[in-house]
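# Inside the fold
One letter stands for each residue in the lines below.
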Protein chains: 2
Amino acid sequence: MAEGSGRVPLAPTPYNYDRRLGELGGGTQASQRLLAYSDALFSIIATVMILPVAHTKIHSDEKLGESVQQLLAAKIAVYLMTFLIVTVAWAAHVRLFQVVELIDDVLALANLACMMSITFLPYTFSLMTSFPDQPFGLFMFSSCAVIIGVIQVMIVLYGFRHSYLLNHQIQESENKAFYKYHILKIILRGPTLSFLAAIFSFFFFPLSYMFLGLIVFFPLLSHLTKWFRSRILGQEEELPVDYFTSYLKEPLSKERVETFSDGVYAIVATLLILDICEDNVPDDNLVKVKYSGHLAEALREFSPSFLAYFGSFVTIGLLWFVHHSLFLHVTKATRLMTLLNTLSLAFIGGLPLAYQLTSEFAEKSYNEIEAIQISCVTIFFASIFQFSIWIAALFHEVETLHPFARYGGKEHAFMFAKLSLYPCVSLAVFCLTCVMSELSTTIFHLTQIIVPFAFLVLRIFVRIGLMMLNYIMSLARSKSSVLEEEEACLSPADVLS
Amino acid sequence: MAEGSGRVPLAPTPYNYDRRLGELGGGTQASQRLLAYSDALFSIIATVMILPVAHTKIHSDEKLGESVQQLLAAKIAVYLMTFLIVTVAWAAHVRLFQVVELIDDVLALANLACMMSITFLPYTFSLMTSFPDQPFGLFMFSSCAVIIGVIQVMIVLYGFRHSYLLNHQIQESENKAFYKYHILKIILRGPTLSFLAAIFSFFFFPLSYMFLGLIVFFPLLSHLTKWFRSRILGQEEELPVDYFTSYLKEPLSKERVETFSDGVYAIVATLLILDICEDNVPDDNLVKVKYSGHLAEALREFSPSFLAYFGSFVTIGLLWFVHHSLFLHVTKATRLMTLLNTLSLAFIGGLPLAYQLTSEFAEKSYNEIEAIQISCVTIFFASIFQFSIWIAALFHEVETLHPFARYGGKEHAFMFAKLSLYPCVSLAVFCLTCVMSELSTTIFHLTQIIVPFAFLVLRIFVRIGLMMLNYIMSLARSKSSVLEEEEACLSPADVLS
């Protein structure tokens, strides 16, 4: 596996960039800001499809269980698939710009064209699922994917023509043509499959779906078959081809994983305030007629919304904080960690739905308990996937973690406590909802708001725990050393007495 | 002025960070990611208030001129003021974290609490303007500002108690108490005024508005009075106090200006696709009944929306591209440049409104020309403020620009051409709308889509222009040198003949 190869990560140091840019002059540019901007767009596009889900109106007399089933059948599936597809496109983008390291104006414009096609993916995908029996939606989606692929191929070709833009390892290699061929092969895989899907959409569209499914799952399938082959046939020799292309399979750069995650957290946090600003400003006439002009009383009606907002913001903020603490200790994100991170983010993107449900069903309504349960499940999965990133990192801790966060390091226990807080709390609340039927959304949101203080208390507890452990160990050590001394000084008869 | 003092910018190099973090261990963290996340939140909050403006329904038989006047009166003013207020809060945040350079868990949590209060600002502000005669909205807004201030003061106090978190210049200075006092004085100014505003909101609220206005305009006013005093009384001696606090008046760090701008551009670009995803998926039954099941025909009805989307995305993408090119050449952003950048961004945030107007009024409708004109005006101001950033940078070019972008540098002409493209195009289209009454939104959007190609053509034109200039100059030089030679060789009589 690529993670295991222990190769030096390819991220160039700022120093190198500056020196190279100095040599190349003003036309050539470092790509960091372009990539950060692209990451921001990617993350917003990925989470956009939660809005139609969250804005689905559910009447409070309707049973939520059934409505959720309907939602699950269509919109949530659309959201999750869109998230996955956009993430695949994002990963391809990351890989591409690990090969093409510097940009110029032409590449910047080409990248913007690529981003424009990507922003259209969620729309075509929702067309596809709204009209599953129509070939047109499928055709639009596939065409979009083909256009993205074509632009990416153009970027690669342009990069190889102006080879000073490339990663310096490729630049200095003698097998440039070989590299080019392999990179194109990997990049062309998606567009070719999409092209076939677009053509078959008019003849026999089940086949088109198969082709599209292949794009998302191909890397996983090829990985699995390789793994099985190596297990059954024994450790295979790596082909020389793999040597040249191995860093295309390198883990994604940690910076871009962070930027993408930040974007998702930021947009999710602000989707909430966006809803508040649009829906919760009371009507001027209503205030005059119903509340005889008292604004404060009119706003009291919205108080569940405000409480839900604060609760959700605190939860998202703290999950971001945990993610931030975790990635501070991570030196390199392996493929498995990136995958787990994507899954965690997909559930984070589901939080606006949880907010909408818990704020919509006022106290003692029919669906209150279900709304809380859905929130707990969403938070549980978001946090348990964060936890598993940590577990995955511990498996290769020498490569992936800073020394002070490794097993036995001084930050290890605290990191563990931080990561396990949200899974534990959400599980506990979920269990409570099963036992106590009178648990209200108010109590739920107050719990959410209290959690950050738990974080601070946790820090103190961990410290006290470690101090006590140290004390006991030092006590034990001093006792044993006293014993040793006694053993050395006294005769065996004295010890026995 | 602070920009003129030529002091070394305070941004620490990554190397320093790493070394200091290595000494301090895992509990202390570099703040880059926290700040990038905060910037993303700030930029989204700043642009959120354009949504109620853009989503105001205007009937196509209503005259747009009057509707726009109504809009202007309330919602656009709310949007612009919110943008300004959030920008002021952002600038304070930037300054604060130029003093406190490293963070730990407590500061990260305090910052998240601060961000939560800031996300609430747009809502309280829209309450304030929806009910201008009610003290409660004003009270909420002021309280929000007080809470933000109190949290910031706590961050400063915590930072000075754990002084290893501070900027190393303050850390090594002997006047730490002095610094602390002055920083607190500057930070407490806002909350104190807000506190007064909150109290007076219940007695005499015109005074509250005055206090709030002071917060936004105080720095400007103090600047102006200083400038006038120095003009009238002659160049004043700088007080020693100013020496200690001068870097609090330092220009904002270029990285954070970029991140904030990127956030605004990204959210504006994706607000468009968000609308498309929610509004333009046709209803299943409608397609069956009206279009006898032909999805492609049903979508044809939306084609103005799609064209408007592509046009707007291209415009935002290119304005981002110009901004990106500009800031590549900038080494330091002065106060004036930051102010101009904020104004440019405020108009960028208005683009979703332009998109909504041009996509809503189908061809040959009553308000088509007005919609195009509003779009042109928005784009013109967004781009002319970008242009003036460049002009402002040229005034102090030795400090603010890379050598190759300075007057006479090899990138200078091209940068100039890039920046003047959008003002020229939007002005030209605006003039056309006055002359030709049959100009349609379709033509307008096609113009928007063509502009990027103009960028590439521009590059070629500028090259050809420079080559010709070089050629002419070399010709002139060789001619004059020939003449000189002739003059040297021949007698005056020969020259005359």
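Rules and cut-offs
- Per-chain numbering applies: the sequence of each chain, read as written, is numbered from 1 onward.
- Here chains are named by letter from A upward and ligands by number from 1 upward, in the order in which they appear as written.
- Owing to the predicted nature of the model, reporting of local features is limited to residues with pLDDT of at least 70; listing and counting of side-chain atom pairs is limited to 80 or more, with chain, interface and lining totals taken over all residues.
- Water and hydrogen atoms were dropped before computing side-chain values, which therefore reflect all heavy atoms in the structure.
- UniProt positions are given in the numbering used here, feature names are shortened, and annotations may be inferred rather than shown by experiment.
- The way it works is that DSSP assigns letters per residue, a run of H or I at least four long becomes a helix, a run of E at least two long becomes a strand, and they are numbered from the N terminus.
- The contact criterion used is simple: two residues touch if any of their non-hydrogen atoms lie within 4.5 Å.
- Note that accessible areas follow from Shrake-Rupley with a 1.4 Å probe, and for residues the cover is restricted to the protein chains shown.
- For this overlay, a least-squares fit was computed on C-alpha atoms, restricted to residues scoring pLDDT of at least 70 in both copies.
- Residues qualify for a patch when their relative accessible area is over 30% and they have no salt bridge, like charges being joined within 9 Å and the nonpolar side chains of Val, Leu, Ile, Met, Phe, Trp and Tyr within 5 Å.
- A pairing counts as a salt bridge when a side-chain nitrogen of Lys or Arg comes within 4 Å of a carboxyl oxygen of Asp or Glu.
- Relative accessibility under 20% of the residue-type maximum defines a buried residue, over 50% an exposed one, and the middle range a partly exposed one, all with a 1.4 Å probe and only protein chains included.
- Between the N-to-C directions of two axes lies an angle of 0 to 180 degrees, each axis being a line fitted to C-alpha atoms and, for a helix, fitted only over the stretch in contact.
- Comment on the angle field: the value is read as roughly parallel under 35 degrees, roughly antiparallel over 145, roughly perpendicular from 65 to 115, and oblique elsewhere.
- Crossing handedness: left-handed means the near helix sits turned counterclockwise from the far one by under a right angle, and right-handed means the same turn made clockwise.
- We call Asp, Glu, Lys and Arg charged. Ala, Val, Leu, Ile, Met, Phe, Trp, Tyr, Cys and Pro are nonpolar, and the rest, Gly among them, are polar.
- All the domain ranges listed were derived from an automatic or database domain assignment.
- For any pair of parts, buried area is found by adding up, for both, the accessible area (1.4 Å probe) each one loses once the two are put together.
- For this analysis, a ring pair means two rings from Phe, Tyr or Trp (six-membered ring only for Trp) whose centres lie within 6.5 Å, classed as stacked if their planes differ by under 30 degrees, edge-to-face if by over 60, and tilted for the remaining angles.

In the nomenclature of an unreviewed UniProt entry, chain A corresponds to Endosomal/lysosomal proton channel TMEM175 from the organism Pseudonaja textilis. One UniProt comment on chain A, placed under Sequence similarities (unreviewed entry), says "Belongs to the TMEM175 family." As its UniProt record puts it under Subcellular location (unreviewed entry), chain A is described as follows: "Membrane".

Along its length, chain A carries 22 helices and two strands. Across chain A, contacts joining residues at least 24 apart in sequence account for 80% of those joining residues at least 6 apart. When the accessible surface of chain A is summed, it comes to about 22,900 Å², and 68% of that surface belongs to carbon and sulfur atoms.

Here we come to the relation of the copies chain B and chain A. Each copy superposes on the other: chain B lies on chain A with an RMSD of 0.1 Å after a rotation of 180 degrees and an axial shift of 0.0 Å. On the angle and the small slide along the axis, the relation comes out as a two-fold axis. The share of interface residues of chain B whose copies in chain A are also at the interface is 100%, consistent with both copies meeting through the same surface.

All names here are of chain A. On the surface, Val457, Ile460, Phe461, Ile464, Met468, Tyr471, Ile472 and Leu475 cluster together to form a nonpolar patch covering roughly 820 Å² of accessible area. One can find valine 457 in helix H21 (residues 441-489). The class of valine 457 is partly exposed, set by a relative accessible area of 39%.

Residues and elements named next belong to chain B. It is at 8 Å that the axes of helix H16 (residues 335-348) and helix H18 (residues 368-395) come closest, and there the two elements cross at 165 degrees. If you check the angle between H16 and H18, you find them roughly antiparallel. As H16 runs across H18, the sense of the crossing is left-handed. Here H16 contributes Leu336, Met337, Leu340, Asn341, Leu343, Ser344, Phe347 and Ile348 to the contact with H18, which in turn contributes Thr378, Phe381, Ala382, Phe385, Gln386, Ser388, Ile389, Ala392 and Ala393. A class-by-class count of the residues in the contact of H16 with H18 yields twelve nonpolar, five polar and no charged.

Residues and elements named next belong to chain B. A full pass over the atoms with the stated rule returns eight salt bridges over all chains. Linking aspartate 39 and arginine 256 is a salt bridge whose minimum nitrogen-to-oxygen distance equals 2.7 Å. Of this pair, aspartate 39 sits in helix H2 (residues 32-48) while arginine 256 sits in helix H12 (residues 254-279); the two residues are 217 residues apart in sequence, bridging distant segments of the chain.

A few words on the domain arrangement of chain A. Residue and element names in this part refer to chain A. Along its sequence, chain A is organised into domain 1 (26-227) and domain 2 (251-473). Placing the centre of domain 1 and that of domain 2 at their C-alpha centroids yields a distance of 28 Å. For the pair domain 1 and domain 2, the summed buried area comes to about 2,900 Å², and 69% of that belongs to carbon and sulfur atoms. Taken together, domain 1 and domain 2 are joined by one salt bridge.

Before going further, it helps to examine the environment of Ala413(A). Among the secondary structure elements, Ala413(A) is positioned in helix H20 (residues 412-435). Once the C-alpha coordinates of Ala413(A) and Pro132(A) are considered, the two residues, 281 residues apart in sequence, prove to be 50 Å apart.

Each aromatic ring pair is summarised here by two numbers: the centre-to-centre distance and the angle between the ring planes. Applying the stated criterion across every chain yields a total of 35 aromatic pairs over all chains. An aromatic cluster is built from Phe120(A), Tyr123(A), Phe306(B), Tyr309(B), Phe310(B) and Phe313(B), whose rings are joined through pairwise contacts.

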